[in-house]
Each structure stands twice: as C-alpha cells, then as structure tokens.
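# Observations on the model geometry
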Amino acid sequence: MASLSIAPLASSVVKADDPTHNDSESFAAFLSMVESDAFVANPNAVAYPESNEDSSSAIVQASAFDDQVIQADDSIAIGGTESMAEVADEQLQLADVVASLYRSYPEIQQAREIASVATGERVSAYGAYDTKFQAESLSEPTGFYQNYRNSLGVARQLWWGGYLSTGYRIGRGYFQPWYGERATHEGGEGKISWVQPLLRGRALDAQRVAVFQASLAQQAAGPQLLQQILKSSGDANQAYWQWVASGAILQAQRELLSLAEVRSQQIQVGVEAGKFKRVDLIFNRQLIAERKAELLKSEQKFRSSSIKLGLYLRDDAGEPMVPKDEWLPKRFPSIESNLQLDLQQELAAALTRRPEPLVLRYQLQQVNWDRQLACNDMLPTLDFVSQASQDVGPPASSKDDKGEFELVIGIQSEVPIQRRKARGKIQSTSAKMRQLTEKLRLTRDKIATEIAVANNRLSLAEQVVDEREEAFLAALDTLARYRIGFEQGYIDLIYLNLLETKTNETEIKLVEAQQDWFLALGELQLSLGLDPLEQAMVVAALPESEMIGPGNVPEIEVTDQDDIPAAPGANNQ
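Remember, predicted model here, so these are calculated numbers, not experimental data.

The rules behind these values
- Residues numbered from 1 in each chain as written.
- Predicted model: local features only at pLDDT ≥ 70, side-chain atom pairs only at ≥ 80, totals over all residues.
- Heavy atoms only, no water.
- Helix = DSSP H or I, 4+ residues; strand = E, 2+ residues; numbered from the N terminus.
- Buried < 20%, exposed > 50% of the residue type's maximum accessible area, 1.4 Å probe, protein only.
- Contact = heavy atoms within 4.5 Å.
- Areas by Shrake-Rupley, 256 points an atom, 1.4 Å probe, with all protein chains shown as cover.
- Pairing = 2+ DSSP bridges.
- Phe/Tyr/Trp six-rings, centres within 6.5 Å; stacked < 30°, edge-to-face > 60°.
- Lys NZ or Arg CZ within 6 Å of the ring centre and 35° of its normal.
- Patch = residues over 30% accessible without salt bridge, like charges linked within 9 Å, V, L, I, M, F, W, Y side chains within 5 Å.
- Salt bridge = Lys/Arg side-chain N within 4 Å of Asp/Glu carboxyl O.
- 1 Å grid on protein atoms, 1.4 Å probe; cavity = no way out; pocket = protein on both sides within 12 Å on 5 of 7 lines; lining within 4 Å.
- Points joined across faces, edges and corners; volume = space filled by probe spheres on them.
- Nonpolar A, V, L, I, M, F, W, Y, C, P; charged D, E, K, R; others polar.
- Axes fitted to C-alpha atoms, helices over the stretch in contact; angles between N-to-C directions.
- Left-handed = near helix turned anticlockwise from the far one by under 90°.

### Looking at the overall build of the protein
Across its full length, the protein carries eleven helices and six strands. Relative to its full complement of 573 residues, the protein shows a buried share of 45%. Restricting the contact set of the protein to residue pairs at least 6 apart, pairs at least 24 apart contribute 80%. With the model as given, the accessible surface of the protein reaches about 29,500 Å², and the carbon-plus-sulfur share is 53%.

Set out below in structure tokens:
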C-alpha cells in the first residue's frame, strides 16, 4: 500500500552546541569517540541483555535518528513549502498540521532541549578534569614567630584516576620549630606531586562514570525527541480526523434539517389544498426544532474539535490557530485497500525504528556503569604517591637544611572492612538492570502487540466502511420509496421522520467508519515507527473519495413503484 512506505523518521533537530567538539563533527563520530573512551577504560563490562551485534545496530540507529531528527528551522512551513497565509484559501491537510507540529509544538520544542541539557551535563562532567589554579598568601605579623608565606600552583585530576600538582612557594621570617618545613631559601621552593591509584579508582572512578553517563544521555536525546514526535503526532492525527468527521456530521445534520424545512413549505401548500391536515404542519415544525437542536449539538462538537485541533496547528509565530470553516475538506481521502503486511518482518523493522527500546538500552548502560563503579569500589585503596621539591637561592637560615633535592615516594592504602557501601550498590544496580531488562522485553512485546492490533483494526475497519456504505445506499433507496408513499398519502409523517432519522444515523455511522479507518491507519504507521510527516504527506496525496456521504448524497430514482409499502396504521387516501 502506497501510504505505508517504510522510512525512518525524518523529523528534525538542530544539534545542540557542544563546546568540546567542532560543529562539523558528525554525531556518529562522536558516538565512536565516546564508546572508545568508555569501553577501553573498562573492557570487562557486564554483558547487556542484547548481543553485541544488536547493540551495534542500536547505536548506528541512534546516530541515524539524530542526523534525521533535527530541529525544524523557520523555513519549514505548513505543507512543507507554504506559510499559513498562503494556504488560507485551501483545504487543510493532515500534513499541514504535522508540519506545524514539527515546527512549533511546545512539547516537541521541550524535547529538543533535552540535547542541550545533556550536552551541558557532559561539559559539566568534564569539569572534574579542569586544571585548577591555586594561590595562597598567609602572614603572621605579630607575636614571637613573625613570618610570611606565599605560594602559586596548578593541579588537575588525571583521566586514569591520578592527581598531579606543581607549584612554587616562598616562606620568609621566623617559624616555629615544629613548622620548620614552611621555611624556604631566599629563591623559594619548587615542588611537584603525583598520586596514582593502583587498585581502587584506577580502571574506573566516579568522575569517569559521570562522563560516560552524560555521553549516553546525550546519545539518548535523539530517541527521546523521536518518542515525543511520535506521541504528539498521534494526538494530532486523532484531533485532525475528529475535526474532519465532526465537520461531515455537521453537514449531514444540515441536510437532514433542510429536508424538514423544504417539506414544511410543501405541507403548507398541501394544507391549503386540503391534502394534508394542519397537525402534519405542526408536527413538521416540531421536527424542524428537534433537528435544529441536533444541528446545534453537532456544531458544538465541531467547534470543540476545531479548538482542540488549534492546539496542534500553529501560526508562523508559534501560537495556536483555530482552523477556519472553509479549510475543512469536503470529503475524506479515498481509502486504499488490499493492505498486506508481513507482521514478523514489520516487527523486526519497527524494533529498529521505534525509540523506546533504544532509550531503555541507554538507561541500561548508564546503570551498568554504576554497577561497574561499585565493583571497583570493592577493591582496597592502594595509591602510589610521589613528591619532589628543590629550594633555590642562598639559605634563609644558618641551618642550611633546605638545599638538597628532596624526593618522597611511597604507598598509601585504605580499605573498609565490611565494604557495605560497595556491596549494597552492586546489589541495587544489579536489581535495576534486571528491572530494565524486563521492561525492555515488555516494551518489545507491547510494540508487537500494537502492530498486530493496529493491523487487525485497519483490515476490519475497511470491511466496516464497505458494509456501512452498502447500508447507507439501502437506507437511501428505502427512504426514496417511502417518500413517494408519503407524497401519495400511503405513509404518514411520523413514519417518514423515523426513516429519515434512521437514514441520517446510517450516514453518520458511515462517516465514523471512515474516520476509524484513517485513525487505524495512523495508529499502524506510528506503531511501525514511520515518519509521521512523510506518511501524512502520502495521505494528503490520495485523491478525494467518491464515496457517498455528506455533500455527496445521490438522488435515488425509483422505477418500480408497485411495491411501495404503507406504514402500519396509515390511512390510504
């Protein structure tokens, strides 16, 4: 079927500015860089529920999503090429609504900011490795030990868990004997220190985990945007077809009222000619009032659906815009038939397009980093420490005990005996991973169920439309025969009203059946993860339906009038 072309979501999101990368750097290259950093740092990662091949395809799909789902810029207008002012005199198509949705809908705009938030969090995580400038100036100008100390230095956290610092200091004056190390030669002292973890904190630490998790959150921004686009497009799809259907029902009620108003003039003439009784005229006035009330109720629903559709239809300034009555399509698009889907094949393709499994995989990887950090925290702290210093210049005191090059090296160690914090973290993160694994499995099952349900609904909705059309044709034929009977005096007005009301109900049910078919089509397209805008444009390209209904009610010619029945209890004249 032409309206169900399989294509990845080609929506739109301008990549958020990343201070750590060039604008020209592709998202796929960024993913490769992050994965390289993450998995080289910890090659013994816990296996995910997915195979390596599945994970790779998921990451490739994520980069494709981010390349395609880029922020709709101001050049995207209603219908993809025109502004709202230019289409004011045309019929409003579903593609117009979806294009407006992509450009200005607040929930989608909000989802676009997820990428900026994640980018900022990633930059913040790298802040743990910022080079720190340190300065100090301390004075003891009073008392027996008067001295002055000044120092400058730089320090930073190293990627592999170490800490490096270097600086210069100078100490002048008289120092307490127990603080003799504060004194320096007249030229000052240079010092460099390095601390390197050998066990806990070497392969992984909290700072690196924060960077990896922020990178995963940045990768997940594309699928999260896609998820919001699919949800909002589904809501807009329902609002649009409700608007079209309520407009058609309003037209049907107008046609029903018109029958009573025209007949009122005929009955008035008939009463004056003695063919009808005055009670028929009074009863017809009752019918007009009742049908006007039904017309007002239908108009109320139509206005409500227009207002609801305005939530998704936005003007060039991004403000909600209630569609005008003249934008209402006169008929539904034609219904395509003979849709055949290979459910297993479509499910496999949908699982690569739908964003929900991918978002869960990223969450699973984030929790896995927490688990690996907890495993690393089970190790004892064993740090190699080293410090070198050298005083320069003439000695500042007679002791002359600061001139030699000083080197300190050694080992520092610490371990919690119970290690309950690490053990508890391993237990909780393992349980979270099992939860996410089950959630991922359920999500796949739900996607499969959604596709099967939508496919079943669509195939049966087409049969319902056919039956409703046949029922409406039969109702029109029956009504035409009984109308002749009324004109000939065989049928009373009460029975004719029942038939007209029943025909009107059948017509409305035909409208609702067409609405249900297009709602089922949109549901299937979204369950398959297809691009809502692309699919809406395909639907907009369908020819106008030739099916009978409001605005297209044929005149039924009755050639065999011999079998025109009389209503029960009617008086033959």
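The rest of the description comes next.
### Some details on the pairing of strand 1 (residues 132–140)
Pairing geometry for strand 1 and strand 2 (residues 147–157), over nine bridges, is antiparallel. The residue of strand 2 that forms the bridge with L138 is R149. In this antiparallel pair of consecutive strands, strand 1 and strand 2, the connection spans six residues, and G143 shows a positive phi of 90 degrees.

### Quick look at the packing of aromatic side chains
Counted by the stated rule, this structure contains 15 aromatic pairs. Among the aromatic side chains, those forming a connected cluster through ring pairs are Y240, W241, W243, F332, W517 and F518. Across from the ring centre of Y179, 3.6 Å away, lies the NZ or CZ of R182, which sits over that ring.

### Focus: a nonpolar patch on the surface
A surface patch of nonpolar side chains, about 310 Å² in accessible area, is lined by L198, L199, L379 and I411. Within the secondary structure, L379 is located in the loop between helix 8 (355–377) and strand 5 (381–391). The class for L379 is partly exposed, based on a relative accessible area of 35%.

### Considerations on empty space enclosed by the protein
Counted by the stated rule, this structure contains six cavities of 30 Å³ or more. Taken as a whole, the largest cavity spans an internal volume of roughly 120 Å³. Together, 14 residues line the largest cavity, and K330, R331, F332, Q514 and P550 are the ones closest to its centre. When contributions to the lining of the largest cavity are tallied by element, the ones reaching two or more residues are helix 5 (206–273) and helix 10 (493–527). When its residues are assigned to classes, the lining of the largest cavity shows eight nonpolar, four polar and two charged. The space that makes up the second largest cavity amounts to roughly 100 Å³.

### As for the layout of surface pockets
Of the pockets and cavities examined, the largest pocket occupies roughly 520 Å³. In this structure, the largest pocket is lined by 27 residues; those nearest its centre are S151, G167, R169, E189 and K191. If you list the elements that add at least two residues to the lining of the largest pocket, you get strand 1, strand 2, strand 3 (163–173), strand 4 (189–197), strand 5 and strand 6 (406–414). No other element matches the seven residues that strand 3 contributes to the lining of the largest pocket. Among the residues making up the lining of the largest pocket, the classes are represented as seven nonpolar, eleven polar and nine charged.

### Some thoughts on the environment of C375
Following the sequence through the fold, C375 ends up in helix 8. For C375, a relative accessible area of 32% gives the class partly exposed. When the C-alpha positions of C375 and K425 are compared, they lie 8.5 Å apart, and in sequence the two are 50 residues distant.

### Comments concerning the packing of helix 3 (residues 94–104) against helix 5
The axes of two packed helices give the description: the angle between them and the distance between them. The geometry of helix 3 relative to helix 5 is characterised by a closest axis approach of 10 Å and an angle of 145 degrees between their N-to-C directions. When you trace helix 3 past helix 5, the crossing you get is right-handed. Residues L94, V97, V98, L101 and Y102 of helix 3 touch helix 5, and the partners they reach there are I229, S232, S233, A236, N237, Y240 and W241. Classifying every residue of the contact of helix 3 with helix 5 by side-chain character gives nine nonpolar, three polar and no charged.

### Quick notes on the environment of Q418
For Q418, the location among the structural elements is in the loop between strand 6 and helix 9 (420–487). The exposure class of Q418 is partly exposed, given its relative accessible area of 46%. Along the chain, Q418 and M378 lie 40 residues apart, while their C-alpha atoms are 9.8 Å from each other.

### Observations regarding the pairing of strand 2
Every other side chain in a regular strand lies on the same face of the sheet, so the side chains alternate between the two faces. Bridge count for strand 2 against strand 3 is eleven bridges, and the pairing is antiparallel. Bridge pairing in strand 3 links A155 to S165. Here strand 2 hands over to strand 3 after five residues, with G161 in that stretch at a positive phi of 95 degrees.

### Quick notes on the sheet that holds strand 2
Ordered in space as 1-2-3-4-5-6, the six strands form an open sheet in which the pairing is antiparallel. Edge positions in the open sheet fall to strand 1 and strand 6, since each of these has one partner strand only. Adjacent strand axes in the sheet meet at a mean angle of 15 degrees when their direction is disregarded.

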